[in-house]
Structures are given as structure tokens and as C-alpha cells.
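# Chains, contacts and geometry: an overview
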Amino acid sequence: MSVAYPSGDHRRRPSSPDRLVLAVGALLVLAGSAGLVPPSAALALAVVAGSALACVRLSGLAGAPPAPAWSAVPPPPPAGMGAGPPASSDAGSPSGTGAGPGGPTHPPVCVDTRPPPATDPSRPLGRRAGRVAMSRRVVAILDAAVLAAGLTVAVLPLTEAAHRPPVVLVGLAVVGAFQAVGLLRLPGRSRLSGRQRLRRTVDGVGLAVSLVFAGWVLLPAGQVPPPARAATVAGAALCLAGAAATLSGLAGLAVLLAYAAPERAVLTLVPPLVAGALLTAAGARRASAGETLRPDGSPAPWPRVTAPAGIAALAAGHHLWAVGEFSAPAIALGLAVIPPVILQELLTAADHRRHAERMLAREARLRELVNDLDERDRLTRTVRRLIATDQLTGLANRRELLRELSARGAAPTPGALLVVDLHGLGMVNDGSGHAVGDEVLVEVAGRLRAGCGPGDLVARLTGDEFAVLTDVGSVLAYALATRLLAALTEPYPLPGGAARLQASVGLAETGAGEPEDVLRQADLARRRAVQLGRDRVEWYDAYLEEQLVRRLDLERELPGAIARGELDLVYQPVLALADRRPVGTEALLRWRSPVLGTVLPAELLPVAEDLDLAGELGRWVLDRACRQLAQWSEGGRDLWMSVNVGPRELVAPDFVPRTATALAAYGVPADRLVVEVAEPAVAAELPTVVARLAGLRSLGVRTALDDFRAEHASLAQLRRLPIDLLKVGPHLVASDGDAQRPLIDVVISLGDRLGVDVVVEGLESDAQVDGARRAGCRYGQGFALARPATAERVEAWFEEFPSTSR
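Please read all numbers here as calculations on a predicted model, not as lab measurements.

What follows is about the pattern of salt bridges. Tallied over the entire structure, the rule returns 35 salt bridges. Put simply, glutamate 400 and arginine 403 hold a salt bridge, and the shortest N to O gap is 2.6 Å. With glutamate 400 and arginine 403 both in helix H14 (residues 398–407), this residue pair falls 3 residues apart, about one helical turn. Residue classification places arginine 403 among the partly exposed positions, given a relative accessible area of 46%. Across the pair glutamate 603 and arginine 550 runs a salt bridge whose closest N-O atoms are separated by 2.7 Å. Highlighted residues: glutamate 603 in helix H20 (residues 601–610) and arginine 550 in helix H19 (residues 542–557), separated in sequence by 53 residues. A residue is classified by how much of its surface remains accessible, and glutamate 603, at 30% relative accessible area, is partly exposed. A relative accessible area of 26% means that arginine 550 is categorised as partly exposed. The structure contains a network of salt bridges with shared partners spanning Glu400, Arg403, Glu404, Arg408 and Asp471.

So this is what it looks like as C-alpha cells:
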């Protein structure tokens, strides 16, 4: 029964019970044709089998829960997304667009493939299900229709031949009544528009009148009364697949019995009767599942005009050939076929007219769309240009640079990417304002454009970072970077003066990988240029990558190293060069990382400075050094302990009080502690350093100036620094001649006048040791004298000396 019109996705092959019933029906037809079984009995058995299977299925549907609310009606698409018209719009036109005459057309209805929406809990379940799927009552009515058809055929073998036509007519009337009630209550009919209902009504009336006319003139007037003739064919007007097959089969059976046809002729009615029962059950099952009607309403299963006219013409022709004249009722019925046909033609003409109007409106709409498209293209180009451009400088932005890098990645010869970092722009913003800083950035952009070629792409990456993409080779790219560096470091005019900026340039080849990788490599080279002192150009290489990974590992592991107990101190003895006896030690920091291995101060301290951990490390070193010095002092060792202090730690306001606290905590005499500060770091904050060193000396702590370079400026500021020890490198006391002799003599002479002892560090050979001793240096330190070791090993080494002197 075609109660719904599913798409091809829902078509199913006959199930196993259907195949069995069809096979049984075919065998019974063959048996009846061969005379093995009476034809009426074969007909009854086949129809009973099909009806029984259909009744079982319909009974199951009647007891099943209703379908979910989403199964029949797809959810309306969101506004503005090209959805079709609502169900109440005029969908009976051929185009099915639902637009009214002269109005703007809507896009065609689209199939919604989205998942079913959640059930609305605010609506009762029964109300929701009743709107979208077939109710149990309708299923029960259709079940009764199938059962009535099966019983009508089943009782024929038990009925006398003279009574069989009335029995079939009565059964046909009952089946038709049930089918009419059930089919009229199919789901989806309430969603039809008024025009659709009118067309359905006209189509049904036209076909019904033609069938009534055909039945009236074909059935013999003497055997079947006129009311029964009308009832025989009236139910066929419903004409959905199952109902049409069942009613047509029963009507055909009534005709065959009325005309006393051969008994075997009834076997030809087995297919429509069995198929009608099975189709009714199948259609009810699909309707109960909530399958939807087509968006434009289900089409009539017969040609709207030709079917009624053809049926009436064939019936009239047969009647003229067999009888030769028409009665008044037959003429009236024949004429009644004409008004529905005319009305159908009028409706079709109106549909065509509306369709033509829609086509004209759609054409006008298309012209308008071609014009919202031209404007859109212009707006798209504008937006694309804005998206790819830095608004302040007019240069390309990072996104455009990456796109261009990707486009040039397939070039046969690699180009180069320059990443430029400006230093000092923040001072311009702080001193002259951000407006002046923006003017400087615009000037920078102009200098970059002027220095690049026409095929080069200049981009701004961040506030003070720029990039240049060029197609030239490595040599020319380096020359370009050098020119740009010179141009960018020229003075920038400011209100009331000028500003100078520093720049660092990193270079990388564009054929090295993906755009992001090339940009990262050039940025690594830029970082290297910054680390080496700025105002320089650096190329990327694999060693830079290794350094970056190492640096990232250090930054990740260093926080928490003290809490994890990974820090350690080793001690390098300081010896008196006259008798080579130990007079002191220098505490050297080591990081014993389980991930990175042993990390030396030269690599550790810069990372600690960047992470603002230098103060924490310095406090830990001072505490451990004082504790170790206290232990050695208890053993009768008269030694000093040197600790290295960074400039930021030394100038901290609490450094002197903190040092006093550490000495008091372990009971260490103040003169046993030596605080060393590197000479190159002193010049930056010389007044503060002088004050802190003076504060330490007021406590009794001795001070030392490490890495003394013996330059003119160093000699000049030596007079200002309150120090006790002066540490110089072995290059001042080289043993290959007397070239350095005058300089070391100046240092020793100045030290004698200032009361400062000279310590030569980094002594790697006995020749250097002898040279330092002959030059008049009092103390020495280096691998040629003693290597750094743990406290236990140094203490064991001390045991080789009977006593130690200061």
C-alpha cells in the first residue's frame, strides 16, 4: 500500500516470509491450472496465506510504540540558508518552488541530511507522534480491510455458485469502506495546501466517475443490481497501491463470477489479491516508521487526464460493441466524466502560467545576483588586500609572507628570507610617545622598501620585527642584509633630536622546508645575531638549532633544580707560589642534571639571569660555601673561601646583610670569606659596586676583582675599588719572552702600592707557574697546581700538607 513515497534509499527487497507466500501462491496457481486443486480452493488458499501474513504484520504495528517525532517531518533549515517554502505554500506547481505570482522565487527545496533534532520535551509524546506517523487506529482499520478481503475469498469454496457474486460484492463493499476510512486518515494529508487538496479531489473524482461509468456499462444489468454495481468500483477511486490491487482483484472476481467465466479464470486474480495484502502491510509499516511525503506532495499514481478519459472511452466502446445503446443513467455517468477533466486542464493551465511567471521572476533575480556577485568580488578583493597588509606601514603581514613563501617554495633555485629585529624602539615610545614611534616604524618600512629590489617582498611580522623575502642567492642575500643593516642604523629624526636604533638580521634559505620552518630558521639566526652583540648579520645553520634545543632544555629543567637537590659545589685550591701550599679555595657551581648531565656556570648562569633565578642560586652558593668553610675551619685548616657573585646579585640592597647573616649562621670568621666580582661587569654600575664592596669590607669580608684585563681604563678604576685580591689571566705572565713583562710589572707595582695581592688564575703548565712566580705574583690557581674537586677529595688532598697558611 503506497501510503508514503520513500526515496530509493528506503527500498527493500521482499523479505523471506514474502518470498514464501509468493512461492506458495505460485504453486497453488500451477496446481489449480493443472487440475490438481480446485481453482476456487487454490485462489482461497493463496489469498488466505497473503492476508494472514499481512494481518500478522499489521497487528504487530498496532501494538508497537509510535515513531519518534523527527521521523516524518525534517526540521526546517535556518533562516537565510536557502531553505524551501513551508509546507503550507503552493507546492502543486510543476516547479515546486512555492513562490507566488510576481513575487521573488525561493531556491528549490533541499534535502536536509543533518541528524534528527532532539525531541522537544515541552510537547506531549502522543501529540508529536500523531502528527508525523500513522496511528494505531489507522493500522487497525487497514488490518480489518485486509482481514475482510481474505475472509471474502476464503468463504467462496464453501458457498454455492449462485450466491458467490453477492458474497464478493458484500465483501468488496466492506473492504472498500475500511480502505476509504484508513486511506483518508493517512499521515501527511493535513500538511497539504488547499490547492493540493483540490487537485487530489479532482483527480480522485475524475477517476472514480470513470470507474463507476465503466462498471455501470460493463456489468450485466440482469444479474447485478445498480447500487451494487456502483459500490463495486467506487472504492477503486482511492487507487493507492495496496487498496487498488485488493479492490481491483475483488472487483475482477465479481465480474468473473457474474459472467460465469471458466473456473480457472479466477486464478488470474491471485497476484493482485495477494500483492494487495502484502503491499498494504508494507505501506503501513513504512508509514508507521514516519516516512515523509515528497516536498511538493505525492503525485497521483495515474495520469490525471488520460486515465479517466481512457477508462471511460474503453468502457463506452465495449458497451457499444456488445449492446449498441446507452441507458439514461449510463449517459449521465459518461457526461459526469467531462467536468473533472476540464477542471484538471484548467488547473494545469494555471500551473503553467504560474510557472512561467516564476521563471521570469527567477530570471530577474538571477540578473540581480550577477550584479550582488560583481560587488562581492570587489569587496572580496578589498578584504583580501586588507587581510594581507599591515595597516600602519602598508607592508605585507605575516600571513601574506607565509603565503608567498609557500608559493615560492617550488622555485628551481632557492632564495633567502631575512628577519630583521630593531632594538631601541621602546625607548623612542617611552621618551617621545607612541605616535612618534609609529612615525619611526613608517620610516623603517620606507628604508626597507628603498633597499630592496622590485621582486622582493617586505613584510612586518610584529611590532619591531620585519622580514624580506628575496629570490637572489646566498651571496647577494648577505649583501642585501648588510645594506639594509647600514640603512636601518642611520639616525631617525625626532622632535627635538634624533634617535639611533640597533638591528639584528637573521638569514635562511627558502628551499629548506615548509614556510613556518624557514621563518623559524631565519628567526633563530636573528637570535644568534642578538646574542653576539647586535648590529650584525647571521646565517642559520644546524648548530643554531642544537643550541636552541639545548637552551630550551636548560630553561625547562633549571627551575626547581635546588629543590630537587641537583646543584653541587666543587672547590679549586689556591696555592702560594713560593712554597706551593694551599691558602684557600674557590667554590665553583655545578648543576648535576639527570636529563642534561653536568652543566657548567658558563652555560648555567646566563639562563639563570634570563629566568631571574640568579639571586636564588647565589644565596644557595653562599650558604653552602660558608657551611663547608666552617667544617674545614673546625679541622684546623686556616683557609679562605672565594665565591663568585654576579653584578645583579652584588648591587641588590640586601646583599651585604644577607652575607652577614650567612657568616653568623655558621660561625665563620668574616676574613675567611672572599667575594669575587668580574671586572668587565663592574663598569656598568661602578658607584653601586664600590658601595657594596665597601660594605663587605666593613664586615671584615675580603673582596677580589676577577678577570682583570690590565687596560688603561681598568688601571684607572682600580684605584676606586676597595679590593684585597686582584685575579689576572696567564697571558700577562707568558713564558715566551718578555713581551708582557712591563705590563705585569705595572700591575704588581700598582697592587703593592694599593695593598692588593695578585692571583694568577688559569695556570695550565709548569712554565706558566714559574713565569708567574718570577714576575712576583704571590698566589696561583689552575690545573697545573690543583684541579677542581668535591669537598671530600679536596680535604683528602689537604692531608698531604702538614699545615696550611693564609
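This part is about the layout of surface pockets. Estimates place the volume of the second largest pocket at around 1000 Å³. Forming the boundary of the second largest pocket are 35 residues, of which Glu586, Leu588, Pro601, Leu605 and Asn644 lie nearest the centre. Of all the elements in the fold, those that place two or more residues in the lining of the second largest pocket are strand S8 (567–576), strand S9 (581–593), H20, helix H21 (614–634), helix H22 (647–650), strand S12 (673–678) and strand S13 (702–708). Broken down by class, the residue content of the lining of the second largest pocket amounts to 19 nonpolar, 7 polar and 9 charged.

Right, let's talk about the confidence of the model for the protein chain for a bit. Averaged over every residue, the pLDDT of the protein chain is 78; the share at 70 or more is 79%. Across residues 291–302 the pLDDT falls below 50, and counting only partners more than four positions away or on other chains, this stretch makes 35 contacts in the model.

As a further point, take the pairing of S8. Walk down a regular strand and you will see the side chains alternate between the two sheet faces. A large share of S8 lies buried, amounting to 9 of its 10 residues. Pairing of S8 with S9 involves 10 bridges; the strand directions are antiparallel. Counted as the bridge partner of proline 573 is threonine 585 from S9. Joining the antiparallel neighbours S8 and S9 is a turn of 4 residues, in which arginine 580 adopts a positive phi near 55°. By the bridge criterion, 2 bridges tie S8 to strand S16 (residues 779–781) in an arrangement that is antiparallel. Among the inter-strand pairings, leucine 575 is bridged to a residue of S16, identified as glycine 780.

Where helix H16 (residues 434–451) meets helix H17 (residues 474–488), the axes come as close as 10 Å, and the angle between the chain directions of the two elements is 145°. Relative to H17, H16 is oriented so that their crossing is right-handed. Taking contact as the criterion, the partners of Val444, Arg447, Leu448 and Gly451 in H16 are, on H17, Leu480, Arg483, Leu484, Ala487 and Leu488. Counted by class, the contact of H16 with H17 contains 6 nonpolar, 1 polar and 2 charged residues.

Moving on to the side chain of arginine 408. With respect to the helices and strands, arginine 408 occurs in the loop between H14 and strand S1 (416–423). Polar side-chain contacts of arginine 408 include one of 3.1 Å to the backbone oxygen of glycine 455. Each residue touching arginine 408, except ones within four places of it in the same chain, is listed here: Gly455, Leu457, Leu469, Thr470 and Asp471.

Calculation criteria
- Residues numbered from 1 in each chain as written.
- Predicted model: local features only at pLDDT ≥ 70, side-chain atom pairs only at ≥ 80, totals over all residues.
- Heavy atoms only, no water.
- Salt bridge = Lys/Arg side-chain N within 4 Å of Asp/Glu carboxyl O.
- Helix = DSSP H or I, 4+ residues; strand = E, 2+ residues; numbered from the N terminus.
- Buried < 20%, exposed > 50% of the residue type's maximum accessible area, 1.4 Å probe, protein only.
- 1 Å grid on protein atoms, 1.4 Å probe; cavity = no way out; pocket = protein on both sides within 12 Å on 5 of 7 lines; lining within 4 Å.
- Points joined across faces, edges and corners; volume = space filled by probe spheres on them.
- Nonpolar A, V, L, I, M, F, W, Y, C, P; charged D, E, K, R; others polar.
- pLDDT = per-residue confidence, 0-100.
- Contact = heavy atoms within 4.5 Å.
- Pairing = 2+ DSSP bridges.
- Axes fitted to C-alpha atoms, helices over the stretch in contact; angles between N-to-C directions.
- Left-handed = near helix turned anticlockwise from the far one by under 90°.
- Polar contact = N/O pair within 3.5 Å; in protein donor to acceptor, adjacent residues only side chain to side chain.

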